[in-house]
Amino acid sequence: MSLELWLAFVAASAILLAIPGPTILIVVSYALGHGRRAALSTVAGVALGDFTAMTCSMLGLGALLATSAMLFTALKWLGAAYLVWLGIKLWRAPPTLPAAGAEGETGAASELRPWRMFGHAYVVTALNPKSLVFFVAFLPQFLDLSAPLAPQMIVLEATFVTLAALNALAYALAASAARTQIRRPSVQRAVNRVGGTLLIGAGVAAVTWRGGS
């Protein structure tokens, strides 16, 4: 793979990742509600989720989803239901105020364990049939058919996962920093409800939007 082709892939991936989607909504919502610990947990979940989706695409699941309308629809409904469930939980969540000297962590916030936040971010990222199909359509544009494909795919996957993790981390740290400015329960409650509404909307949009399905 030439340096020019790799740089083109980096540029295209960075632009696509910068556009907020359900994954970024999860990252931002948890960072606002739980601080830096949530940022690290959800970023790890995003990275593993993208790794899973890209690997499955390379192994042919993306192509199978593209040809099997029933399987695509089933996975789409499952992912949408999960987003709606997370949105409802966030909408109903009580405000968690940052405590002095605790780097934004409180007893209420610690009730949601890091591994749970990691798991939620992973599932939302990996359980997205459109991502699987997208990778099948996106990756071949940056492959050099005159060279061995396996090393190129490994480089592209490692590059995309790294960029996805850095992008999620940037959003999470920005949200975590903003959290220290949000101390009134009414403001935090409003943030939770806006984030929950957006997640519910993303879930509904996932099953009503016909583009790519």
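To be clear, the structure that these remarks concern was listed above.
Please read all numbers here as calculations on a predicted model, not as lab measurements. (Residues numbered from 1 in each chain as written. Predicted model: local features only at pLDDT ≥ 70, side-chain atom pairs only at ≥ 80, totals over all residues. Heavy atoms only, no water.)

**Concerning the overall build of the protein chain**
No. 1: In terms of helices and strands, the protein chain carries 9 helices and 0 strands.
No. 2: In the protein chain, the succession of helices and strands from N to C terminus is α-α-α-α-α-α-α-α-α.
No. 3: For the protein chain, with 213 residues in total, the buried portion stands at 38%.
No. 4: A separation threshold of at least 6 residues defines the contact pool for the protein chain, and within that pool the share at least 24 residues apart is 89%.
No. 5: For the protein chain, the computed accessible surface area is about 10,900 Å², with 71% contributed by carbon and sulfur atoms. (Helix = DSSP H or I, 4+ residues; strand = E, 2+ residues; numbered from the N terminus. Buried < 20%, exposed > 50% of the residue type's maximum accessible area, 1.4 Å probe, protein only. Contact = heavy atoms within 4.5 Å. Areas by Shrake-Rupley, 256 points an atom, 1.4 Å probe, with all protein chains shown as cover.)

**Considering helix α6 (residues 114-126)**
No. 1: Helix length check: α6 (13 residues) gives 18 Å between terminal C-alpha atoms against 18 Å at 1.5 Å per residue, within 8%.
No. 2: When we look at burial in α6, the residues that qualify are Met117, His120, Ala121, Val124, Thr125 and Ala126. (Expected span 1.5 Å × (residues − 1).)

**Overview of the side chain of serine 13**
No. 1: Inspection of the secondary structure assignment puts serine 13 in helix α1 (residues 3-18).
No. 2: For serine 13, a relative accessible area of 0% translates into the label buried.

**Quick notes on the nonpolar core**
No. 1: In this structure, Phe9, Leu139 and Phe160 are the most contacted members of the largest nonpolar core, which totals 33 residues.
No. 2: Sequence-distant contacts of phenylalanine 160, defined by excluding residues within four places in its chain, comprise Phe9, Ser13, Leu17, Asp50, Met54 and Phe135. (Core = buried A, V, L, I, M, F, W, Y, C linked by side-chain atoms within 4.5 Å.)

**Notes on the side chain of serine 29**
No. 1: Assignment of secondary structure puts serine 29 in helix α2 (residues 22-34).
No. 2: On the accessibility criterion, serine 29 (10% relative accessible area) is buried.
No. 3: Polar side-chain contacts of serine 29 include one of 2.7 Å to the backbone oxygen of leucine 25. (Polar contact = N/O pair within 3.5 Å; in protein donor to acceptor, adjacent residues only side chain to side chain.)

**Let's talk about the packing of aromatic side chains**
No. 1: Considering all chains together, one arrives at 1 aromatic pair under this definition.
No. 2: Taking 6.5 Å as the distance between ring centres and 50° as the angle between the ring planes, the aromatic pair formed by phenylalanine 9 and phenylalanine 160 counts as tilted. Within this pair, whereas phenylalanine 9 is found in helix α1, its partner phenylalanine 160 is found in helix α8 (residues 149-179), the two being separated by 151 residues in sequence.
No. 3: For phenylalanine 160, a relative accessible area of 5% puts it in the buried group. (Phe/Tyr/Trp six-rings, centres within 6.5 Å; stacked < 30°, edge-to-face > 60°.)

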